[in-house]
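Remarks on the overall topology
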Amino acid sequence: MGSTQEGIDSKYDRNIELKAFDDSKLGVKGLVDAGLTKIPRIFIHPQHKFGPLHSHSNVPVIDLQDIKSDANLHTKIIKEVQEACENWGIFQIVNHGIPKRILEEMIEGTRRFHEQDAEVKKQYYTRDFTKKVMFLSNFDLFQAPSASWRDILMCIVTPNPPDPIQVPSVCRDIVVEYSNQLKHLRYTLLELLSEALGLEPNHLRNMEFAEQGFFTAQYYPSCPEPELTLGTKHHTDLSFVTILLQDQIGGLQIFHENHWMDVPPIPGALVINVGDVLQTVTKGRFNSVEHRVLAQHEGPRISVASFFNSAFPTSSRIYTPIKQLSEKSPPNDK
């Protein structure tokens, strides 16, 4: 038995399997559509990477209703943001100003793109990261030890978004509308984060901490063997801040107090992640959170992650601690 397995392993060429998957330009959904019942070897993750699970979660939920008109409420919200960024690195916001219909249509637009005719979708498949609109599966497909069970449509939001004609027609209108909504929300978040750090409201905006941005419209197909893989491997975001829209299927988890914890979907809410850049410029006062997405039998799961001032895909900006914070407080050695 052992020699037979060794023989099979000696004939396996991971690079050939990776290239065949990438050359298909069909992504993970193409595998599911083909009817496979066992996941390809390139998607299998070492089991020790899955870690201890404590599914109950108290991720903070912050209500932004009347934040502009009620001074006492404004102060309370700033305190909640501060505590969430220091203790969790993540929180959810409700009554944030983006209409529910736009959130729902962005989820459906993502679904329409990924579920459209494969030959049409193939036209957008690329690994040319200079493009403003691109479809692919796994940014790091050829570098990561294991692939993730998801497909991605990426689009630049700011400062130079694509001409609308470059955006796939099945989701063009909602991509443009959602991108415009994000541009307003990012400034609200920058003001909240500035005040939570004890700075003037426009401090982070004036430092241009949200002038570069893109989103990934993510599609996680149902998985025949979810216990062997992940929808997204554990990581922290390279961004300043991430705004996540997710559907109601669930699967997002954070690593908190040495356990993986669910981030349950809330209708109409957006998830806000502290990114590595924000952790760097605050000297660790605000902490970037490690997170992952589970693969599941149920699917597809759909989410849209918007990254502002990310080090990916093209930024070369170097970030250093904010001077005013360096003068005020010692670094957090977490």
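Fair warning: this is a prediction, and the values are worked out from it, not measured in the lab.

Description of the sheet that holds strand β10 (residues 270–274)
The strand order across the open sheet formed by eight strands is β1-β2-β10-β7-β12-β5-β4-β3, and the pairing between neighbours is mixed. Two strands bound the open sheet, and with one partner strand each, they are β1 (61–63) and β3 (133–136). On average, each strand axis in the sheet is inclined to that of its neighbour by 25°, with strand direction left out of account. Here strand β5 (residues 213–220) runs beside strand β12 (residues 301–308); their pairing, made up of eight bridges, is antiparallel. Bridging from a neighbouring strand, Phe215 pairs with Ser306 of β12. Helix α4 (residues 71–87) contacts β1, β2 (90–94) and β10 of the sheet and is inclined by roughly 160° relative to β1. Contacting β2, β4 (151–158), β5, β7 (241–246), β10 and β12, helix α7 (residues 172–196) crosses the sheet at an angle of about 60° to β4.

Examining the environment of Phe308
Within the fold, Phe308 resides in strand β12. Separated by 70 residues in sequence, Phe308 and Leu238 have C-alpha atoms that sit 9.3 Å apart.

Observations regarding the sheet that holds strand β9 (residues 259–262)
Judged by pairing direction, the sheet is antiparallel, and its four strands sit side by side in the order β6-β11-β8-β9 without closing on themselves. Where the open sheet ends on each side, the last strands, each with one partner, are β6 (230–235) and β9. Strand-to-strand twist in this sheet, taken as the mean axis angle between neighbours without regard to direction, amounts to 30°. Of the pairings in the sheet, the one linking strand β8 (residues 252–256) to strand β11 (residues 291–294) comprises three bridges and is antiparallel in character.

With respect to the layout of surface pockets
By volume, the largest pocket amounts to about 610 Å³. Forming the boundary of the largest pocket are 29 residues, of which Phe139, Arg150, His235, Asp237 and Phe307 lie nearest the centre. Listing elements by their share of the lining of the largest pocket, those giving two or more residues are β5, β6, β7, β10, β11 and β12. The residue inventory of the lining of the largest pocket, partitioned by class, reads eleven nonpolar, 13 polar and five charged.

Details of the packing of aromatic side chains
For the structure on display, the rule yields nine aromatic pairs. Both rings, one in Phe113 and one in Tyr124, keep their centres 6.0 Å apart while their planes meet at 70°; by these two values the pair is edge-to-face. Residue Phe113 is located in helix α5 (residues 100–115), and its partner Tyr124 is located in the loop between α6 (118–122) and β3; the two are separated by eleven residues in the primary sequence. Note on Tyr124: relative accessible area 21%, which makes it partly exposed. Taken together, the aromatic side chains of Phe113, Tyr124, Tyr125 and Phe135 make up a single cluster linked through ring pairs. The positively charged end of Arg41 is found above the aromatic ring belonging to Tyr12, 4.1 Å away from the centroid. The aromatic ring of Tyr187 is capped on one face by Arg205, whose charged end is 3.6 Å from the ring centroid.

Notes on the pairing of β5
Where burial is concerned, most of β5 is hidden: eight out of the eight residues are buried. Bridging between β4 and β5 involves seven bridges; their strand directions are antiparallel. Bridge pairing links Thr158 to Gly213 in β5.

Let's talk about the pattern of salt bridges
Summed over all chains, the structure comprises 14 salt bridges. A salt bridge links Lys122 to Glu119; its shortest N-O distance comes to 3.4 Å. Taken together, the residues span about one helical turn, with Lys122 and Glu119 both in helix α6 at a distance of three residues. We classify Lys122 as partly exposed; its relative accessible area is 25%. The exposure class assigned to Glu119 is exposed, which follows from its relative accessible area of 51%. Beyond isolated ion pairs, a larger network of salt bridges with shared partners links Glu108, Arg111 and Glu115.

Here we look at empty space enclosed by the protein
Counted under the stated rule, the structure contains two cavities of 30 Å³ or more. Estimates place the volume of the largest cavity at around 50 Å³. What lines the largest cavity is simply Ile67, Lys68, His74, Thr188, Glu191, Leu192 and Glu195. Grouping the amino acids of the lining of the largest cavity by side-chain chemistry returns two nonpolar, two polar and three charged. As for the second largest cavity, its lining consists of Trp149, Tyr220, Pro221, Leu294, Ala295, Gln296, Glu298 and Arg301.

Conventions used here
- Residues numbered from 1 in each chain as written.
- Predicted model: local features only at pLDDT ≥ 70, side-chain atom pairs only at ≥ 80, totals over all residues.
- Heavy atoms only, no water.
- Pairing = 2+ DSSP bridges.
- Helix = DSSP H or I, 4+ residues; strand = E, 2+ residues; numbered from the N terminus.
- Axes fitted to C-alpha atoms, helices over the stretch in contact; angles between N-to-C directions.
- Contact = heavy atoms within 4.5 Å.
- 1 Å grid on protein atoms, 1.4 Å probe; cavity = no way out; pocket = protein on both sides within 12 Å on 5 of 7 lines; lining within 4 Å.
- Points joined across faces, edges and corners; volume = space filled by probe spheres on them.
- Nonpolar A, V, L, I, M, F, W, Y, C, P; charged D, E, K, R; others polar.
- Phe/Tyr/Trp six-rings, centres within 6.5 Å; stacked < 30°, edge-to-face > 60°.
- Buried < 20%, exposed > 50% of the residue type's maximum accessible area, 1.4 Å probe, protein only.
- Lys NZ or Arg CZ within 6 Å of the ring centre and 35° of its normal.
- Salt bridge = Lys/Arg side-chain N within 4 Å of Asp/Glu carboxyl O.

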